[in-house]
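Residue-level structural notes
Below, each chain spelled out in residue letters.
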Amino acid sequence: MGRLPRLVATDLDGTLLRADKTISPRTVEALARISAEGADVVLVTGRPIRWLQHVYEQLTEPLPTICANGAVVYDPVADQVLRADPLAPELLAEVVQRLRAEVPEVSFAVEITDSREFRHELAYPLNWEHGYPNIRSLETATDLHAVPAVKLLARAAGQDPDAFVEVVAGALAGLAEATHSSYSGLIEISAGGVTKAAGLAWHCARHGVDPADVVAFGDMPNDVPMLTWAGRSVAVANAHRAVLEIADEVTAGNEEDGVAAYLERLLDTDRPDPTAGRPGATAGPDVRAGGRTAPA
């Protein structure tokens, strides 16, 4: 696998976290070990800041986090937003207008960084928001784009997310970024050029880390920009096909601590590779070749 990376970037849901939203002790230990060896660890997620406290509580220490699909760079130790790239109110209004014309049954919500609020239209289904603070329903359509938002969320009943994201991206025609990170039909919209790759690139430039020195882990289409930007990209086995197609390597699934398994192999350099010297061998039982390096 080669030398240790200078920086490890990992998605959370479906990648680092198990289905019950916990981080296993094995994964916590692997992250602590590689950090002790000098590698920075950065969380890169579609989540807003307000959804991170439970994650930090499971780690040995809070980690720098790229939030909202790259729109926010957050320092949890100082509780400080270092960078934010929101959709401006006039851009939000244009995006909403275009999507209502294209998909009449669509409903919207927005993530607001300054107030750390989630604001939603009355028709927007609150699938995951129950129990979280700072949830506000909007009385009028114009309230949706009254202030800048780091992420616009769009739902339309019964939509397949892969098909729906193509409709949204087509309607926006380069006006904004559209992606998805679940199988529930939720589309996540950011300002033009704002992706997980852009947020991570800003963080790495600030700390003098070259893309070639980054290993990144992910599982869903919103991870694709980050995975193609990083010098080494690793998909978990449960990843969306779009991720499996472009990843350099594939590790075990999130329920089997795939990120930890990969990092352990990097760290345990004294352990001989049981596949070494065998023609056509992969990197062992936890890791196999992925899209960009697999034979055609």
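Up top is the structure.
Residues numbered from 1 in each chain as written. Predicted model: local features only at pLDDT ≥ 70, side-chain atom pairs only at ≥ 80, totals over all residues. Heavy atoms only, no water.

**Observations concerning the overall build of the protein**
Per the secondary structure count, the protein includes 9 helices and 15 strands. Taking all 296 residues of the protein together, the buried fraction comes to 52%. Of the roughly 12,700 Å² that the protein leaves accessible, carbon and sulfur atoms contribute 51%. (Helix = DSSP H or I, 4+ residues; strand = E, 2+ residues; numbered from the N terminus. Buried < 20%, exposed > 50% of the residue type's maximum accessible area, 1.4 Å probe, protein only. Areas by Shrake-Rupley, 256 points an atom, 1.4 Å probe, with all protein chains shown as cover.)

**Re the pattern of salt bridges**
When charged atoms on two side chains of opposite charge get close, those side chains can pair. For the structure shown, the criterion picks out 16 salt bridges. The shortest N-O distance in the salt bridge between Asp-11 and Lys-196 comes to 3.0 Å. Within this pair, whereas Asp-11 is found in the loop between strand S1 (7–10) and helix H1 (12–16), its partner Lys-196 is found in helix H6 (residues 196–206), the two being separated by 185 residues in sequence. The two residues Asp-11 and Lys-196 agree in class, both being buried. In this structure, Glu-121 and Arg-100 form a salt bridge, with 2.3 Å as the shortest nitrogen-oxygen distance. In this pair, Glu-121 sits in strand S7 (residues 117–121) while Arg-100 sits in helix H4 (residues 89–102), placing the two residues 21 residues apart along the sequence. For Glu-121, a relative accessible area of 12% corresponds to the buried category. For Arg-100, a relative accessible area of 30% translates into the label partly exposed. Where salt bridges share partners, they join Asp-11, Lys-196 and Asp-223 into one cluster. (Salt bridge = Lys/Arg side-chain N within 4 Å of Asp/Glu carboxyl O.)

**Here's the deal with H4**
The terminal C-alpha atoms of H4 lie 20 Å apart, and with 14 residues this matches the ideal 20 Å at 1.5 Å per residue to within 8%. Of all the positions in H4, only Leu-91, Leu-92, Val-95, Val-96 and Leu-99 are classed as buried. End-on, the buried residues of H4 take up no more than an arc of 130 degrees, which puts them together on one face. More than 90 degrees from the buried face of H4, the exposed residues found are Glu-90, Gln-97 and Ala-101. (Expected span 1.5 Å × (residues − 1). Arc of directions from axis to C-beta.)

**Observations concerning the packing of H4 against helix H5 (residues 161–172)**
The interhelical angle for the contact between H4 and H5, taken along N-to-C directions, is 125 degrees, at an axis separation of 9 Å. By the criterion of interaxial angle, the relationship of H4 to H5 is oblique. As H4 packs across H5, the resulting crossing turns out to be right-handed. Side by side, H4 and H5 meet where Val-95, Arg-98, Leu-99 and Glu-102 of the first sit next to Val-167, Val-168, Ala-171 and Leu-172 of the second. Split into classes, the residues belonging to the contact of H4 with H5 amount to 6 nonpolar, no polar and 2 charged. (Axes fitted to C-alpha atoms, helices over the stretch in contact; angles between N-to-C directions. Parallel < 35°, antiparallel > 145°, perpendicular 65-115°, else oblique. Left-handed = near helix turned anticlockwise from the far one by under 90°. Contact = heavy atoms within 4.5 Å. Nonpolar A, V, L, I, M, F, W, Y, C, P; charged D, E, K, R; others polar.)

**Side note on the environment of Leu-7**
Tracing the backbone through its elements, the reader meets Leu-7 in strand S1. Judged by relative accessible area, Leu-7 falls into the buried class, the value being 0%. In this structure, Leu-7 is in contact with Asp-40, Val-42, Leu-200, His-203, Cys-204, Val-209, Asp-213, Val-214 and Val-215, ignoring residues within four places of it in sequence.

**Some words on the packing of helix H2 (residues 25–36) against helix H9 (residues 258–267)**
For the pair H2 and H9, interaxial distance at closest approach is 9 Å and the crossing angle is 35 degrees. Every pair of crossing elements has a handedness; the one defined by H2 and H9 is left-handed. Across the interface between the two elements, Arg-26, Thr-27, Ala-30, Leu-31, Arg-33 and Ile-34 of H2 pack against Ala-260, Ala-261, Leu-263, Glu-264, Leu-266 and Leu-267 of H9. The residue inventory of the contact of H2 with H9, partitioned by class, reads 8 nonpolar, 1 polar and 3 charged.

**Points about H9**
In terms of burial, H9 is largely enclosed, as 10 of its 10 residues are buried. Among all positions in H9, only Gly-258, Val-259, Ala-260, Ala-261, Tyr-262, Leu-263, Glu-264, Arg-265, Leu-266 and Leu-267 are buried.

**A word on unusual backbone geometry**
Look at Lys-21: it is not a glycine, yet its phi comes out positive at around 70 degrees. If you trace the backbone, Lys-21 turns up in the loop between H1 and H2. Taking relative accessible area as the criterion, Lys-21 reaches 36% and is therefore assigned partly exposed. With phi around 60 degrees, Asn-69 is a residue other than glycine that occupies positive phi space. Here Asn-69 shows up in the loop between strand S3 (65–67) and strand S4 (72–75).

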